[in-house]
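Spelled out, the chains give:
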Amino acid sequence: QVQVVESGGGLVQPGGSLRLSCAASGSIFSINAMGWYRQAPGKERELVAIISSKGRTKYRDSVQGRFTISRDNAKNTVELQMNSLKFEDTAVYYCKVDSYGTDYWGKGTLVTVSS
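Here the structure is a predicted model, which is why all the values come from computation and not from measurement.

1. What to know about the sheet that holds strand E1 (residues 2-7)
Then step 1. Taken in spatial order, the four strands line up as E1-E3-E8-E7 in an open sheet, and their pairing is antiparallel. Across the chains shown, the open sheet's two edge strands, defined by having one partner strand only, are E1 and strand E7 (67-72). With direction set aside, neighbouring strand axes in the sheet form an average angle of 15°.
Then step 2. Bridge count for E1 against strand E3 (residues 18-26) is six bridges, and the pairing is antiparallel. Bridging across to E3, Val-2 finds its partner in Gly-26.

Written out as structure tokens, the structure reads:
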């Protein structure tokens, strides 16, 4: 069994910051990419940022320069630092872990950007 658990969501004002964390545990012996996705109400889930096992990162254009993804391979954790948050960043954020070609998803954490 593999468990993926996100934390760190909440309510923040526009321009504020939040840090999301994700921990993978269980029968994971090797993790390839780790990523953050989000799904806003009425919209499809979309990639926010992804980081390879060697630290290569990729961001969607709308968060480039505002969000930073990082990971700790020893702890099987990945974090997403979100700065200069905007209304349109409101969504449920999901963590995805790729292990041997199998994707494991967390249940998500809600980020609400509101004044």
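2. Some words on the packing of aromatic side chains
Then step 1. Across all of its chains, the model carries two aromatic pairs by this definition.
Then step 2. Arranged with centres 6.5 Å apart and planes meeting at 80°, the rings of Tyr-94 and Trp-105 form a pair that is edge-to-face. A residue pair is termed long-range when its members are at least 10 positions apart, and Tyr-94 in strand E9 (residues 91-99) and Trp-105 in strand E10 (residues 102-105) qualify at eleven residues.
Then step 3. Residue classification places Tyr-94 among the buried positions, given a relative accessible area of 13%.
Then step 4. Put simply, the rings of Tyr-37, Tyr-94 and Trp-105 touch in pairs and so form one group of aromatic residues.

3. Some points on unusual backbone geometry
Then step 1. With phi around 55°, Asn-76 is a residue other than glycine that occupies positive phi space.
Then step 2. Position of Asn-76 among the secondary structure elements: in the loop between E7 and strand E8 (77-82).
Then step 3. Among the residues examined, Asn-76 registers a relative accessible area of 22% and is labelled partly exposed.
Then step 4. Although it is not a glycine, Ser-84 sits at a positive phi angle of roughly 50°.

4. Brief notes about the environment of Leu-85
Then step 1. Summarising the element assignment, Leu-85 is placed in the loop between E8 and E9.
Then step 2. A C-alpha to C-alpha distance of 6.9 Å links Leu-85 and Val-113, two positions 28 residues apart in sequence.
Then step 3. The residues contacting Leu-85, other than those within four sequence positions of it, are Val-12, Pro-14, Gly-15, Gly-16, Ser-17, Leu-18, Arg-66, Phe-67 and Val-113.

Each value, and the rule that gives it
Starting afresh in each chain, residues are numbered from 1 along the sequence in its written order. Local features in this predicted model are restricted to residues whose pLDDT is 70 or higher, and side-chain atom pairs enter the listing and the counts only when it is 80 or higher, whereas totals over whole chains, interfaces and linings include all residues. Calculated side-chain values reflect all of the structure's heavy atoms, with hydrogen atoms and water omitted. Whether two strands pair comes down to DSSP finding at least two bridges between them. The helix count covers DSSP runs of H or I at least four residues long, the strand count covers runs of E at least two residues long, and both are numbered beginning at the N terminus. Orientation is described by lines fitted to C-alpha atoms, with helices fitted over the stretch in contact, and by angles between N-to-C directions that extend from 0 to 180 degrees. Any two of the Phe, Tyr and Trp rings considered here, Trp counted by its six-membered ring, make a pair once their centres fall within 6.5 Å; the pair's planes then place it as stacked at under 30 degrees, edge-to-face at over 60, or tilted in between. Partly exposed residues are those whose accessible area sits between 20% and 50% of the maximum for their type, while under 20% is buried and over 50% is exposed, using a 1.4 Å probe and protein chains only. Whether two residues touch is decided by their heavy atoms; if any such pair falls within 4.5 Å, the residues are in contact.

Geometric descriptors of this kind do not, in isolation, establish any biological role.
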